[in-house]
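# Residue-level structural notes
One letter stands for each residue in the lines below.
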Amino acid sequence: MAHYRFGIDIDGTVTHPGTFLPHLNKHFNKNLTLDDLTEYDLTGVLGVTEAEFWKWMQKHESTLYRQSVLADQALETLNNWNRQVELFYISARPDYLYHVTEEWFERLNVPYDHIELLGQHDKIEAVREHQVDTFFEDKHDNAVNIAEEFGIPVILMDTPYNQKAIPDNVHRAKDWTHARSIVNGLFTSSVSR
């Protein structure tokens with residue numbers, strides 16, 4: 001069987017895109033739903049400055065990541081793929097959250113071969129270094145940049161905040177079951193079942 005390596009974003013991809021909403025609503029006294037998050041940058045919808053948002057994020061990020069909720073069907077899909085491909089998680093989370101992140105993976109039994117926390121949103125060099133064959137992402141510009149730089153398929157997990165146009169090798173998936181069917185169509189001979 002051919003060797004495949006999937007690059008997978010964590011937040012908003014493996015975790016449910018609305019996982020932070022209860023925390024945001026409580027702290028910022030809002031009543032937001034996922035449909036309200038039409039921009040990746042949350043400062044506008046929260047009515048705060050970037051500095052205020054990141055101050056809050058740094059204070060609460062360990063708790064947020066420990067309490068993150070898996071996206072629907074993510075665990076079943078990743079367990080299915082774990083028998084056939086390498087799972088490399090490449091996240092914008094800061095590196096000092098590695099132990100919090102790894103503990104979450106272990107506690108929820110999420111399979112992984114490698115976890116890399118970049119501390120930035122630009123994932124191009126990490127995708128190049130790890131020679132990823134397909135990438136899974138929720139951030140629109142990341143998905144487009146990776147697809148265009150490497151000519152690989154990118155699965156964009158469909159959310160209200162990533163609705164801009166996409167190139168042909170970026171495939172919108174409404175959930176992880178849909179992502180699995182897209183992958184099966186792309187790699188029918190090697191990554192199916």
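Figured I'd write up the structure that's included with this text. Given the structure is predicted, the values throughout are model-derived calculations rather than measurements. Residues take numbers from 1 onward in each chain, read along the sequence in its written order. Only residues with pLDDT of 70 or above have their local features reported here, since the model is predicted, and side-chain atom pairs are shown and tallied only from 80 upward, although totals for entire chains, interfaces and linings are computed over all residues. For side-chain calculations, the full set of non-hydrogen atoms in the structure is used, while hydrogens and water are omitted.

### Focus: the overall build of the protein
Looking only at helices and strands, one finds 8 helices and 6 strands in the protein. Computed over its C-alpha atoms, the radius of gyration of the protein comes to 16 Å, within 12% of the 16 Å expected for a compact globule of 193 residues. If one aligns the C-alpha atoms of the protein with their principal axes, the spans along those axes are about 50 × 35 × 30 Å. The buried label goes to any residue with under 20% of its type's maximum accessible area, the exposed label to any with over 50%, and the partly exposed label to all in between, with areas taken from a 1.4 Å probe on protein chains only. For the protein, buried positions account for 49% of its 193 residues. Long-range pairs, those at least 24 residues apart, make up 61% of the contacts in the protein with a sequence separation of at least 6. The secondary structure listing takes helices from DSSP runs of H or I that are at least 4 residues long and strands from runs of E that are at least 2 residues long, numbered from the N terminus. Values of the radius of gyration come from C-alpha atoms, whereas the globule rule sets the reference at 2.2 Å times the count of residues to the power 0.38. Any two residues whose heavy atoms approach within 4.5 Å are treated as being in contact.

### Quick look at the side chain of R5
The topology assignment puts R5 in strand β1 (residues 5-8). By relative accessible area, which is 16% here, R5 ends up buried. Definition of a polar contact: a pair of N or O atoms within 3.5 Å, with one able to donate and the other able to accept a hydrogen when the atoms are protein atoms, and with sequence-neighbouring residues admitted only if both atoms are side-chain atoms. Within the structure, the side chain of R5 is placed 2.7 Å from the side chain of E86, a separation counted as a polar contact. With near-sequence residues (within four places) excluded, R5 lies in contact with E86, F88, H130, Q131, V132, D133 and T134.

### A few points about the packing of aromatic side chains
Two aromatic rings, taken as a pair, are described by how far apart their centres are and by the angle between their planes. Each Phe, Tyr or Trp ring (for Trp, its six-membered ring) is paired with any other whose centre lies within 6.5 Å, and the angle between the two planes then decides the class: stacked below 30 degrees, edge-to-face above 60, tilted in between. Throughout the structure, instances matching the rule amount to 13 aromatic pairs. Aromatic side chains Y40 and Y161 sit 5.7 Å apart centroid to centroid with 75 degrees between the ring planes, which places their arrangement in the edge-to-face category. Residue Y40 is found in the loop between α1 (21-28) and α2 (43-46), and its partner Y161 is found in the loop between β5 (154-157) and β6 (170-173); the two are separated by 121 residues along the sequence. Classification of Y40 by relative accessible area gives partly exposed; the value is 34%. Here the aromatic cluster, defined as three or more aromatic residues joined through ring pairs, consists of F6, W81, F136 and W176.

### Some words on the pattern of salt bridges
The salt bridge definition used is simple: a Lys or Arg side-chain nitrogen within 4 Å of an Asp or Glu carboxyl oxygen. Counting across every chain of the model gives 9 salt bridges. Measuring nitrogen to oxygen at the nearest pair gives 2.7 Å for the salt bridge that ties E86 to R5. One end of the pair, E86, is in strand β2 (residues 86-91); the other, R5, is in strand β1, with 81 residues separating them in the sequence. For R107, the salt bridge identified is with E103, shortest N-O distance 3.2 Å. Here R107 pairs with E103, and both are found in helix α5 (residues 98-107), just 4 residues apart, close to one helical turn. Note on E103: relative accessible area 35%, which makes it partly exposed.

These figures capture arrangement, not role.
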